[in-house]
Amino acid sequence: MRVSVFGIGYVGAVSAACLARDGHDLVAVDSSQAKVDIINAGESPIVEKGLAALVRQAVRTGRLRATTDAAAAVAETSLSLICVGTPSLPNGSLDLAQIRRVCDEIGRAVARKPGFHTVVVRSTMLPGSMSGEVVPILEASSGRKLGNDLGIAIYPEFLREGSAIRDYDEAETVLLGADDERSLAPLRELLGKAAERAIVLNTATAEMVKYTNNAWHATKITFANEVGAICKQLGIDSHQVMTALCSDTRLNISSAYMRPGFAFGGSCLPKDLRALMYKAKSLDLQCPMLGSLLPSNEEQVRRAFDMVQAAGNRRVGLIGLAFKNGTDDLRESPAVELAERLFGKGYDIRIFDQNVSYARLMGANLAFIQSRIPHLACLLRDELQDVVEHGETLVLAHSELGEGHSLPALLAGRRVIDLVRMPGTQGASRAHYDGLCW
């Protein structure tokens, strides 16, 4: 394919060199004459392992050249990659000036050429930037509509400086975003076999995945550093601690706990977080991220309560009371906290949990309910149907309904607030169903 790449920075230079190596013809476009001259001389404009050799070979074979003439580059190519910078503004938002400028240049050039042209964004932008900035500018400047001789897609990059070529070649995730299939076809052709394992999403979701990736990386680094600070003060080797943590690939380094939903609870996580934070404070250590976990967890309970309030019904059925499915443990259960708040605000609530029956409770759980929430005991029902028939709003705090019960029956004529992403709710009418984080 013949491809124009706008922006000869880290992403643009690596993308252009790798695509040229793979047999495509590349025109690199940049407003900097100095960068253009460096490329045309067969040299790399940035320091990146292995890139100088790729650029030299690509220029020597005629697969890569550079220009400042955006219109000419678009005229002789069928696909344009946008790889310009999106730096931070003082208030933390993104400066999309280069994106707007390049989209306008490409659009005006597309207006003067026949046939279908595809524009693919690799630059990092916040969700909504494609639909709110890129598409309107390209459509206005080209005089074309998305899908009608104009394809628009996003292909987020996951390249780390220092290992960018290896990351390009051995990408764990190939992510493509588009809002129509015709826009994807040229991009699939460009990527060849890599496109066969691509995750294809709409543009806004693809934009969000990129930001989620980077936030997760920052979270891991900060978590390890705060644990390291505590370990150092205690005379413990933090690297041994983290090596042991990472050896568990079932729960620790895995997809476990990575589904948005209701707050955590139980006898371990809240208690142990509080103890760890107490220890950090006793050592005069500031651990802002670890210290934010319990307040953030409490925010999930508040969000759930706010959703029940917004539903506007006074009769509420709560399904699930223990801190998670498959247990009768009520200690520090977020469902108990939600029930407490609803009861305290005068809501008429009934509660069903197939594992929690006041008549069967014993030991620590019986002591807990008698000492901490005796007023909720009379709200427990042994039959789900009693709770369903009572509730004008049903709150799903567990995904277990009990044998013989189905979700469609719950959805009929009631407002359902789902805290756990109950299976079978995709496509449910927003007039009757709402999820906590979806």
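Computed from a prediction, not measured in an experiment: that's the story for all the values here. (Residues numbered from 1 in each chain as written. Predicted model: local features only at pLDDT ≥ 70, side-chain atom pairs only at ≥ 80, totals over all residues. Heavy atoms only, no water.)

Quick look at a negative patch on the surface
A grouping of Asp-382, Glu-383, Asp-386 and Glu-389 is seen on the molecular surface, where their side chains present a negatively charged patch. By the element assignment, Asp-386 lies in helix H16 (residues 384-390). Since its relative accessible area comes to 40%, Asp-386 is described here as partly exposed. (Patch = residues over 30% accessible without salt bridge, like charges linked within 9 Å, V, L, I, M, F, W, Y side chains within 5 Å. Areas by Shrake-Rupley, 256 points an atom, 1.4 Å probe, with all protein chains shown as cover. Salt bridge = Lys/Arg side-chain N within 4 Å of Asp/Glu carboxyl O. Lys, Arg positive; Asp, Glu negative; His and termini not counted. Charge placed at Lys NZ, Arg CZ, Asp CG, Glu CD. Helix = DSSP H or I, 4+ residues; strand = E, 2+ residues; numbered from the N terminus. Buried < 20%, exposed > 50% of the residue type's maximum accessible area, 1.4 Å probe, protein only.)

Some thoughts on the domain arrangement of the chain
Segmenting the chain into domains produces domain 1 (2-201) and domain 2 (211-435). Just the C-alpha atoms count here: the centres of domain 1 and domain 2 sit 43 Å apart. (Domains from an automatic or database assignment.)

Considerations on helix H11 (residues 269-282)
Counted at 1.5 Å a residue, the expected span for H11 with its 14 residues is 20 Å, and the 20 Å between its end C-alpha atoms agrees. The set of residues buried in H11 consists of Pro-270, Leu-273, Met-277 and Ala-280. In a view along the axis of H11, the buried residues occupy a sector of 90 degrees, so they form one face of it. Contacts made by the buried residues of H11 are with helix H9 (203-234) and helix H12 (288-311). Downstream of H11 by one or two residues, Asp-284 has phi in the positive range, about 60 degrees. (Expected span 1.5 Å × (residues − 1). Arc of directions from axis to C-beta. Contact = heavy atoms within 4.5 Å.)

Side note on the UniProt feature "binding site: NAD(+)" (unreviewed entry) in the chain
Per the UniProt record, "binding site: NAD(+)" (unreviewed entry) is found at Asp-30, Lys-35, Thr-86, Thr-124, Glu-161, Lys-271 and Arg-331. Across 302 residues of sequence, these annotated residues are also dispersed in space, with a maximum C-alpha separation of 62.5 Å. Relative accessible area serves as the criterion here: at 18%, Thr-124 is assigned to the buried category. Those residues in contact with Thr-124, other than ones at most four positions away along the chain, are Thr-86, Leu-94, Glu-157, Lys-210 and Tyr-211. Counting through the fold element by element, Glu-161 comes out in the loop between strand E6 (150-154) and helix H7 (164-169). (UniProt positions renumbered as here; feature names shortened; annotations may be inferred.)

Quick notes on helix H1 (residues 10-21)
Since one α-helical turn is 3.6 residues long, residues separated by three or four positions face the same way. The terminal C-alpha atoms of H1 lie 17 Å apart, and with 12 residues this matches the ideal 16 Å at 1.5 Å per residue to within 8%. With respect to burial, H1 is a largely interior element, 10 of its 12 residues being buried. Taken as a whole, H1 has its buried residues at Val-11, Gly-12, Ala-13, Val-14, Ser-15, Ala-16, Ala-17, Cys-18, Leu-19 and Ala-20. One or two residues past the end of H1 sits Gly-23, with phi positive at roughly 105 degrees.

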